[in-house]
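Summary of structural features
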Amino acid sequence: MSDQTPTLSTGLFKGLAPEDADGILQAGERLSFPAGQAIFEAGDPGDAMFVIADGQARVDVGGRFHIMKPGDFFGEMALLAPGPRMATVKAESDVTAVKIGAEDFQAFLLAHPAVAVSMMKQLVIRLREVEQRIDAWMA
């Protein structure tokens, strides 16, 4: 396993200054999961997100899945609105991930309001993309 720090530059964290992204990662704890182990399952309480530092994880939502690699993150909805998990995520290989709890993340946002504004922009972009997909499916 590697000790390298993942980078946050996509999705919810796109456009963040490197020092802000590093600050988010410092708010978390490093965990390891052996291949085949569930990191979390649909229905579990959501109170943290994960950033993959090493290895690969499989995200399964409603029978559709995709593979996450180092630098990718999942479970981010739980940071702002804790609730039951909507997906199951399992380690495809041995995985090292940074787990960032909702309370730690929210404290970071209070101290760094520019990060909160940047994330809100990305959430709106993601919402628009989902609305476009739903419109396309309904057509």
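Look up a bit, the structure's there.
I will try to describe carefully the structure that is included in this document. (Residues numbered from 1 in each chain as written. Predicted model: local features only at pLDDT ≥ 70, side-chain atom pairs only at ≥ 80, totals over all residues. Heavy atoms only, no water.)

1. Points about the sheet that holds strand 6 (residues 64–68)
Pairing is antiparallel in the open sheet, where four strands are placed in the order 2-9-5-6. In the strand order of this sheet, the two ends are held by strand 2 (38–40) and strand 6, each with one partner. Sheet twist, expressed as the mean angle between neighbouring strand axes with direction ignored, is 25°. Relative to strand 9 (residues 88–91), strand 2 runs antiparallel, the two being bridged by two bridges. Following the sheet pairing, Phe-40 is matched in strand 9 by Val-89. (Pairing = 2+ DSSP bridges. Helix = DSSP H or I, 4+ residues; strand = E, 2+ residues; numbered from the N terminus. Axes fitted to C-alpha atoms, helices over the stretch in contact; angles between N-to-C directions.)

2. Observations regarding a negative patch on the surface
On the surface, Glu-29, Asp-47, Glu-103 and Asp-104 cluster together into a negatively charged patch. For Glu-29, the location among the structural elements is in strand 1 (residues 29–33). (Patch = residues over 30% accessible without salt bridge, like charges linked within 9 Å, V, L, I, M, F, W, Y side chains within 5 Å. Areas by Shrake-Rupley, 256 points an atom, 1.4 Å probe, with all protein chains shown as cover. Salt bridge = Lys/Arg side-chain N within 4 Å of Asp/Glu carboxyl O. Lys, Arg positive; Asp, Glu negative; His and termini not counted. Charge placed at Lys NZ, Arg CZ, Asp CG, Glu CD.)

3. Considering helix 3 (residues 102–111)
Within the sequence span of helix 3, burial applies to Ala-102, Phe-105, Phe-108 and Leu-109. Down the axis, helix 3 shows its buried residues gathered within 125° of arc, on one side only. Away from the buried face of helix 3 by more than 90 degrees, exposed residues Glu-103, Leu-110 and Ala-111 are located. (Buried < 20%, exposed > 50% of the residue type's maximum accessible area, 1.4 Å probe, protein only. Arc of directions from axis to C-beta.)

All we've got here are geometric facts, nothing functional implied.
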